[in-house]
Amino acid sequence: MVKAIVAPSMLSSDFANLASEAQRMLNCGADWLHMDIMDGHFVPNLTLGAPVIESLRKHTKAYLDCHLMVTNPLDYVEPLGKAGASGFTFHVEASRDNWQELVQRIKSKGMKPGVSLKPGTPIEEVYPLLDGENSVELVLVMTVEPGFGGQKFMPEMMDKVRTLRKKYPSLDIEVDGGLGPSTIEAASSAGANCVVAGSSVFGAPDPAQVISLMRNSVEEAQKRS
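This is a predicted model, so every value here is computed, not measured.

Conventions and cut-offs
- Residues numbered from 1 in each chain as written.
- Predicted model: local features only at pLDDT ≥ 70, side-chain atom pairs only at ≥ 80, totals over all residues.
- Heavy atoms only, no water.
- Core = buried A, V, L, I, M, F, W, Y, C linked by side-chain atoms within 4.5 Å.
- Buried < 20%, exposed > 50% of the residue type's maximum accessible area, 1.4 Å probe, protein only.
- Contact = heavy atoms within 4.5 Å.
- Helix = DSSP H or I, 4+ residues; strand = E, 2+ residues; numbered from the N terminus.
- Arc of directions from axis to C-beta.
- Pairing = 2+ DSSP bridges.
- Axes fitted to C-alpha atoms, helices over the stretch in contact; angles between N-to-C directions.
- Salt bridge = Lys/Arg side-chain N within 4 Å of Asp/Glu carboxyl O.

### With respect to the nonpolar core
Burial of nonpolar side chains together is a common tendency in soluble globular proteins.
1) Next: Grouped together as the largest cluster of nonpolar side chains are 66 residues, with contacts concentrated most on I53, F90, V126 and L164.
2) Next: Other than its neighbours up to four places away in sequence, I53 contacts M35, I37, L48, L64, C66, L80, A83, G84 and A85.
3) Next: Listed in part, the 9 residues of the second largest apolar core include L138, L140, C194 and V196.

Here is the structure:
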């Protein structure tokens with residue numbers, strides 16, 4: 001059985017107090033901290049990069065789950081490895097030609113390689129990255145268009161999660177976008193075990209309760225399957 005993991009999206013945190021916000025999430029029961037890295041090209045928004053990861057790493061031993069929404073992910077492997085990133089999830093749309101080299105480099109820097117896909121990308125595009133010798137260890141199914149927080153969950157993306165879970169029973173399958181108490185059931189019953197949640201956690205009166213609810217939902221779904 002794959003582990004239930006809840007990863008609050010630090011994109012929804014108070015950036016001026018990143019270290020204390022990270023600690024607050026861990027105190028509330030977060031397993032990972034999800035870091036959205038955007039370059040303003042692959043997606044229109046621009047967020048944090050390696051210097052911020054490096055600064056945060058000085059204040060926490062937490063697993064820093066980095067999601068790279070960038071045009072050239074290869075350029076980020078070295079700096080993020082040095083900065084102390086734990087996971088490096090790149091987009092299949094940005095790495096169709098060089099994913100093998102990319103996965104190899106990520107692993108050589110001691111990071112866990114993952115691949116993400118946009119809502120419009122068919123799930124079949126990630127199969128080569130899972131079936132080869134040099135495979136990724138996580139698939140992130142975007143349940144909104146990447147680039148901005150606070151969007152509405154797209155339930156039709158759960159077909160991708162179901163297909164993946166059936167084909168790869170022991171894979172870490174992550175979902176990101178619009179996840180919260182009202183949508184977690186759809187994601188967990190489809191087979192997602194890693195849940196990224198931003199505004200639903202940071203905007204909640206009791207973030208610990210929301211994190212706990214989401215973890216329980218994943219664990220209960222696993223018992224049923």
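So that's the structure; there's more coming.
### With respect to the environment of S170
1) Next: One can find S170 in the loop between helix 6 (158-167) and strand 7 (172-176).
2) Next: Residue classification places S170 among the exposed residues on the basis of a relative accessible area of 66%.
3) Next: When the C-alpha atoms of S170 and L64 are compared, they prove to be 21 Å apart, with 106 residues separating the residues in sequence.
4) Next: With sequence-adjacent residues up to four places away left out, S170 is seen in contact with V2 and R165.

### A closer look at helix 1 (residues 18-27)
1) Next: Those residues of helix 1 lying buried are L18, E21, A22 and M25. The arc that holds every buried residue of helix 1, seen down its axis, measures 100°, which confines them to one face.
2) Next: For helix 1, the elements touching its buried residues are strand 1 (5-8), strand 2 (32-38), helix 2 (50-57), helix 8 (199-202) and helix 9 (207-224).
3) Next: G29, located one to two residues past helix 1, shows a positive phi value of around 105°.

### Comments concerning the sheet that holds strand 2
Each strand in a sheet pairs with another by means of backbone hydrogen bonds, the pair being arranged parallel or else antiparallel.
1) Next: The parallel open sheet is built from 8 strands, whose spatial order is 1-8-7-6-5-4-3-2. Each end of this open sheet is capped by a strand with a single partner; those strands are strand 1 and strand 2. Across this sheet, the average inter-strand angle for adjacent strands is 25°, counted without regard to direction.
2) Next: As defined by bridge partners, strand 2 adjoins strand 3 (residues 63-69) across 7 bridges and the pair is classed as parallel. Its bridge partner being in strand 3, H34 is matched across the sheet by D65.
3) Next: Here helix 3 (residues 74-83) sits on the sheet in contact with strand 2, strand 3 and strand 4 (87-91), set at roughly 165° to strand 4.
4) Next: Sheet strands in contact with helix 4 (residues 99-108) are strand 4 and strand 5 (112-117), and its direction is about 165° off that of strand 4.

### Some words on the pairing of strand 6 (residues 138-142)
1) Next: Most of strand 6 is tucked away: 5 of the 5 residues are buried.
2) Next: Where burial is concerned, the two faces of strand 6 agree: the one with L138, L140 and M142 and the one with V139 and V141 are both buried.
3) Next: Across 4 bridges, the pairing between strand 5 and strand 6 is parallel. Note that in strand 6 the partner of G114 across the bridge is L138.
4) Next: Across 5 bridges, the pairing between strand 6 and strand 7 is parallel.

### Here's the deal with the pattern of salt bridges
1) Next: Tallying each qualifying case throughout the model produces 11 salt bridges.
2) Next: As a salt-bridge pair, E125 and R96 come within 2.9 Å of each other at their nearest N and O atoms. With a gap of 29 residues between them, E125 in the loop between strand 5 and helix 5 (127-131) and R96 in the loop between strand 4 and helix 4 connect regions that are remote in the sequence.
3) Next: Look at E125 and you get partly exposed, because its relative accessible area is 27%.
4) Next: A relative accessible area of 45% places R96 in the partly exposed class.
5) Next: Residues E220 and K223 are paired through a salt bridge, measuring 3.3 Å at the closest nitrogen-oxygen approach. Placement of both E220 and K223 in helix 9 is noted, with a separation of 3 residues, approximately one turn of the helix.
6) Next: Take E220: its relative accessible area is 39%, and that puts it in the partly exposed class.
7) Next: In the salt-bridge network here, residues are joined through shared partners; they are K3, D31 and R215.

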